[in-house]
Protein chains: 2
Amino acid sequence: MGASGAAPTVYDVAERSGVSIATVSRVYRMPESVRPETRERVLAVAHALGYVPSGNARGLASRSTGVLGLCFPDYSDPDAEAAEDADDAAMLYSDQIIRGMERAARRHGYALLIAASLKGGPESLVAKVAGRVDGFAVLARTVPTAELDVISRRQPVVMLAGPRESPDTADHLDHVEVANFDGQRELTRHLIEDHGVRRPAYVGSSEESPDVEARFRGFLAACGDAGVEVAGEPALRVGMMTQAEGARAAEALCERAGERPDAFVFANDQMAVGALHALERRGVKVPGDVLVTGFDGIPLSRLVRPSLTTVHQPMLRLGEAAVELLVERLSGARTGDPVSVMLPVTVVRRTSCGCGDTEAAGAAGAAER
Amino acid sequence: MGASGAAPTVYDVAERSGVSIATVSRVYRMPESVRPETRERVLAVAHALGYVPSGNARGLASRSTGVLGLCFPDYSDPDAEAAEDADDAAMLYSDQIIRGMERAARRHGYALLIAASLKGGPESLVAKVAGRVDGFAVLARTVPTAELDVISRRQPVVMLAGPRESPDTADHLDHVEVANFDGQRELTRHLIEDHGVRRPAYVGSSEESPDVEARFRGFLAACGDAGVEVAGEPALRVGMMTQAEGARAAEALCERAGERPDAFVFANDQMAVGALHALERRGVKVPGDVLVTGFDGIPLSRLVRPSLTTVHQPMLRLGEAAVELLVERLSGARTGDPVSVMLPVTVVRRTSCGCGDTEAAGAAGAAER
DNA sequence: CAGAGTTATGTATGCGCTTACAGAGAGCGC
DNA sequence: GCGCTCTCTGTAAGCGCATACATAACTCTG
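Residues numbered from 1 in each chain as written. Chains lettered and ligands numbered in written order. Predicted model: local features only at pLDDT ≥ 70, side-chain atom pairs only at ≥ 80, totals over all residues. Heavy atoms only, no water.

Under an unreviewed UniProt entry, the name given to chain A is Transcriptional regulator, LacI family, and the source organism is Nonomuraea pusilla.

Listed below in structure tokens is the structure:
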């Protein structure tokens, strides 16, 4: 810490400038209400003393912090520090949301407190964050719903991504998600109707992820609509949804007995990119021999060759929407039952599905219910 | 906000579980010191009531918040929302640092409060952050040094990047930077010695940026070492250091009268990538006709064709180093004069300088002074 | 120039928690 | 059975600020 003793407080400033602590407080809270000369004098002393108002005391007294929070799971696997891929990937989900929230929060005069779950202290994470913010967002599956439920009775909470919790358990928490179902359905429809796909293979995850499930259901729906027969299960489920797993999945699907699928539909971009590499090594042409699609719209998807057709998720918007909701609740502009906002996604048609790189797009998904 | 009235406090929990507020507090702060049965009873009541300790009150009473902060300038230009390039680029500086700090902070049990400067309230940003955290980092040029100076007398502050402030003004603030000079010097040396470059052209920025200046000085030093004659000024200065400006710079350098430079040395990767595109359009071969290098080591640098030779900056480490410093100060493990840590950078040799894509590397830069 | 209306400042209280310090049992050796 | 040490719990005093309310200093009216 610095040198000199304890940090100066309102009392110190008040004393040295010959006013009461109330006046010092007013200089900061309502500058107009104090006579200019007095104000200047106080500010001068404050500056000389190195006075900085204590956010804690201020928050305690005024019952609000001016801070919004975000809790997210710890995606990064420490061992993979060196792997740039891991970084890129991780860079997407949480970081984009952070960025989106930070921007939106700033616009409304809030700062952002972020904390990733740490397998550690008892119910530590959320409680810690919750106790320091006016309201916060939580990435799905970061913390037990029961806990959120309790907390959301006291302050606004919004759940990001994941499914809307059943209304009876989710007491007062709002919800923001992207149109996973609609996006995958639209993309699959495009493959079938515009590119004549008949034997698509879906590659999902073995981890339980509502988002991935929703995507798969979208895939099934599109197949159903078009009369394309597919199993009620993904052709393959992998563990981690990484590039490596995607490559492996592509290999597996090629080796598999019977006719090769005419399209590999991956649940995320990372896997699709890995598959692209694997297919290239194998000499399988994309989109000549097989079509490949991803989901997420990460920057990499635009840069790989062939460029990847995917569904773009508005991550920044996700964060922004969360903040909007929180601010509305805090300002009292919105009251009443929890809402669920669904953000539309965009199908980005690129080379890997057989389209040119025209980036033609179609939106899918809708608003609030 | 939720439904029911005010949030429950220790008093409510204490009353309903038949103990004193001190005991309730102990249940959270020193669980071992309270008899198991009592503890369970309290926890049960707390949970039933939806009790969450107030971070503010806790912080006030204990004089510490368990939160570290980061202040950074608002890079993102709102108009460029749609431009994906802008996103990618912006994603790098602040976001990587955020990520690095968050991880490191988490390891030490701290959460992270982030806030970007908003051209707004009087001395708002830093004061707001400073008042809510135990210590914080500031990206160079985000706030006036004078203010930091005052604040750093009361709590640990770390300045990121930028130059070390002159010791007399920088009272107690530690400093972390990357070896801009050494990195650019080493890269330039490589161009000259290993690729026979004789007429390198440096493209810098017209904005005053200590980092960019340091790089340029590194460039000059290498030229001087090798007896290569160059002007004492960059061949060109651009405004924004964006891809668009980089492309324009490349055009300009090609049009310029006299012999074309044999290497374009850009002050960052963004510009270099823009230049790569411009040169391709012009039919100028890289590295055949001219060599191109960047600085930063953004993910994109690896993906463009030809892959970009650059100097990789350990952004994550920057954030981590800042946290380490803060934690050392807070724990009392480090006392005394402010230190300045310089993080080594890595020259990444790729195709654009004429090397294979072998990613051979050489470190440059050193530790603490 | 008394009284009403304004504005600038002071007084006093409490926000919800931590933490010395004190007190009450309980177990133990003498 | 007395004093002692331990362990567990209660009492009380703030932490630094915001703010309702009271007060003082002026400015107007009539």
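### Re the overall build of chain A
We apply this condition: Here a strand is any run of E in DSSP of at least two residues, a helix any run of H or I of at least four, and the numbering for each starts at the N terminus. Here the term buried applies to any residue with accessible area under 20% of the maximum for its type, exposed to any over 50%, and partly exposed to those in between, with areas from a 1.4 Å probe on protein chains only. Note on contacts: a residue pair is in contact if any heavy atoms of the two residues lie within 4.5 Å.
Scanning chain A for helices and strands turns up 13 helices and 13 strands. The 369 residues of chain A split such that 57% are buried. Taking as baseline every contact in chain A between residues at least 6 positions apart, the subset at least 24 positions apart corresponds to 67%.

### Let's talk about the interface of chain B and chain A
Defined as follows: Here the quantity called buried area is the total loss of accessible area, with a 1.4 Å probe, experienced by two parts when brought into contact, counted for both. Within this document, salt bridges are pairs made up of a side-chain nitrogen of Lys or Arg and a carboxyl oxygen of Asp or Glu, the two lying within 4 Å of each other. Between N or O atoms, a polar contact is any pair within 3.5 Å; within protein, one atom must be a potential hydrogen donor and the other a potential acceptor, and residues adjacent in sequence are included only when both atoms are from side chains. When residues are grouped by polarity, Ala, Val, Leu, Ile, Met, Phe, Trp, Tyr, Cys and Pro land in nonpolar, Asp, Glu, Lys and Arg in charged, and all others, Gly among them, in polar.
The interface is formed by 72 residues belonging to chain B together with 72 residues belonging to chain A. Between chain B and chain A, roughly 6000 Å² of surface is buried when both sides are summed, and carbon and sulfur atoms account for 52% of that area. Linking chain B with chain A are two salt bridges. There are 21 residue pairs in polar contact (both at pLDDT 80 or more) connecting chain B and chain A. Per-element accounting of the side of chain B that touches chain A gives the leading share, 14 residues, to helix α5 (residues 84-107) of chain B. Here the side of chain B that touches chain A is built from residues that sort into 33 nonpolar, 21 polar and 18 charged.

### Describing the packing of aromatic side chains
To keep it simple, the criterion reads: Two rings from Phe, Tyr or Trp (for Trp, the six-membered ring) form a pair when their centres sit within 6.5 Å of each other. Planes less than 30 degrees apart are called stacked, planes more than 60 degrees apart edge-to-face, and all others tilted.
Applying the stated criterion across every chain, the model contains ten aromatic pairs over all chains. Between Y202 of chain B and F219 of chain B, the ring centres sit 5.1 Å apart and the planes meet at 45 degrees, which makes this aromatic pair tilted. Linking Y202 of chain B in strand β6 (residues 200-205) with F219 of chain B in helix α9 (residues 210-226), this pair joins segments that are 17 residues apart in sequence. Both residues of the pair, Y202 of chain B and F219 of chain B, belong to the buried class. When the centroid spacing of 6.0 Å and the interplanar angle of 20 degrees are considered together, the rings of F216 of chain B and F219 of chain B count as stacked. Pair noted here: F216 of chain B and F219 of chain B are both in helix α9, with a separation of three residues, about one helical turn. For the pair shown, F216 of chain B and F219 of chain B are each scored as buried. The rings of Y202, F216 and F219 of chain A are connected pair by pair, giving a single aromatic cluster.

### Description of the confidence of the model for chain A
This is how it is decided: One confidence number per residue, pLDDT, is output by the predictor and ranges from 0 to 100.
When pLDDT is averaged across chain A, the result is 87; 86% of the residues are at 70 or more. Every residue in residues 77-90 of chain A is under pLDDT 50, and counting partners more than four places away or in other chains gives 15 contacts.

### Comments concerning α9 of chain B
Residue and element names in this part refer to chain B. Basically, it comes down to this: Here a helix's expected span is defined as the number of its residues, less one, multiplied by 1.5 Å.
For α9, with 17 residues, the first-to-last C-alpha span of 24 Å sits near the 24 Å given by 1.5 Å per residue. Looking at the packing, one finds that the buried side of α9 touches α8 (180-195), β6 and β8 (263-266). One or two positions beyond α9, positive phi appears at G227, with a value near 70 degrees.

### Examining unusual backbone geometry
Cis peptide bonds are those with omega within 30 degrees of zero, and the linkage from V286 of chain A to P287 of chain A qualifies with 10 degrees. Inspection of the secondary structure assignment puts P287 of chain A in the loop between α11 (269-282) and β9 (291-293). With omega at -10 degrees, the peptide bond leading from R305 of chain B into P306 of chain B counts as cis. Its location among the elements puts P306 of chain B in the loop between α12 (299-303) and β10 (310-312).

### Here's the deal with the relation of the copies chain B and chain A
Two copies of a chain can be linked by a rotation about an axis combined with a shift along that same axis. Convention followed: For this overlay, a least-squares fit was computed on C-alpha atoms, restricted to residues scoring pLDDT of at least 70 in both copies.
The two copies are related by a screw motion: chain B maps onto chain A through a turn of 180 degrees and a shift of 0.0 Å along the axis, at an RMSD of 0.1 Å. Such a combination of turn and shift is consistent with a two-fold rotation axis. When the interface residues of chain B are mapped onto chain A, 100% of them are again interface residues, pointing to one common binding face.

### Focus on the protein's contact with DNA strand D
Cut-off, in case you're wondering: Residue proximity to a molecule or strand is established when one non-hydrogen atom of the residue lies within 4 Å of it.
Inspection of the region around DNA strand D gives 26 residues, with V10, S25 and Y51 of chain A together with R26 and T38 of chain B positioned closest. Among the atoms of DNA strand D close to the protein, meaning within 4 Å, 62% are from sugar or phosphate groups. One of the side-chain nitrogen or oxygen atoms of S25 of chain A is found 2.3 Å away from a phosphate oxygen of DNA strand D. Within the backbone of A61 of chain B, one N or O atom sits 3.4 Å away from a base oxygen of DNA strand D. For the surface near DNA strand D, the secondary-structure elements that each account for two or more residues are α1 (10-17), α2 (21-29) and α4 (55-62) of chain A together with α2 (21-29) and α4 (55-62) of chain B. Of the residues that constitute the surface near DNA strand D, the class distribution is 13 nonpolar, eight polar and five charged.

### Topic: the protein's contact with DNA strand C
The full set close to DNA strand C counts 27 residues, and T23 and T38 of chain A together with V10, S25 and Y51 of chain B are the nearest of them. Considering DNA strand C, the proportion of its atoms within 4 Å of the protein that are sugar or phosphate atoms stands at 60%. Between a phosphate oxygen of DNA strand C and a side-chain N or O atom of T38 of chain A, the distance comes to 2.4 Å. In the model, a phosphate oxygen of DNA strand C is placed 2.5 Å from a nitrogen or oxygen of the Y51 of chain B side chain. Where the surface near DNA strand C is concerned, the elements lending two or more residues are α2 and α4 of chain A together with α1 (10-17), α2 and α4 of chain B. The element contributing the most residues to the surface near DNA strand C is α2 of chain B, with five residues.

### Concerning the environment of R39 of chain A
All names here are of chain A. Relative to the elements of secondary structure, R39 occurs in helix α3 (residues 36-49). R39 sits eleven residues away from Y28 along the chain, and the two C-alpha atoms are 9.2 Å apart. For R39, the residues in contact, after removing those within four places along its chain, are V27, P31, E32 and V34.

### A look at the side chain of D296 of chain B
Residue and element names in this part refer to chain B. You can see D296 is positioned in the loop between β9 (291-293) and α12. Judged by its relative accessible area of 13%, D296 is buried. One polar contact links D296 to Q313, side chain to side chain, over a distance of 2.7 Å. Other than its neighbours up to four places away in sequence, D296 contacts R215, N268, D269, T310, V311, H312 and Q313.

### Section: α3 of chain A
Within an α-helix, residues lying three or four positions from one another point in the same direction, as the helix has 3.6 residues per turn. Residues and elements named next belong to chain A. The first and last C-alpha atoms of α3 sit 20 Å apart over 14 residues, in line with the 20 Å expected at 1.5 Å per residue. Buried residues in α3 make contact with α1 and α2. Residue G50 follows α3 closely and has a positive phi angle near 75 degrees.

### Topic: the sheet that holds β9 of chain B
All names here are of chain B. Note the cut-off: Note: two strands are recorded as paired if DSSP finds a minimum of 2 bridges between them. Note on definitions: angles span 0 to 180 degrees between N-to-C directions of axes, and those axes are lines fitted to C-alpha atoms, for helices only across the stretch in contact.
Read from one edge of the open sheet, four strands run β7-β6-β8-β9, paired in parallel fashion. Edge positions in the open sheet fall to β7 (236-238) and β9, since each of these has one partner strand only. Strand-to-strand, the axes of this sheet are offset by a mean angle of 20 degrees, without reference to chain direction.

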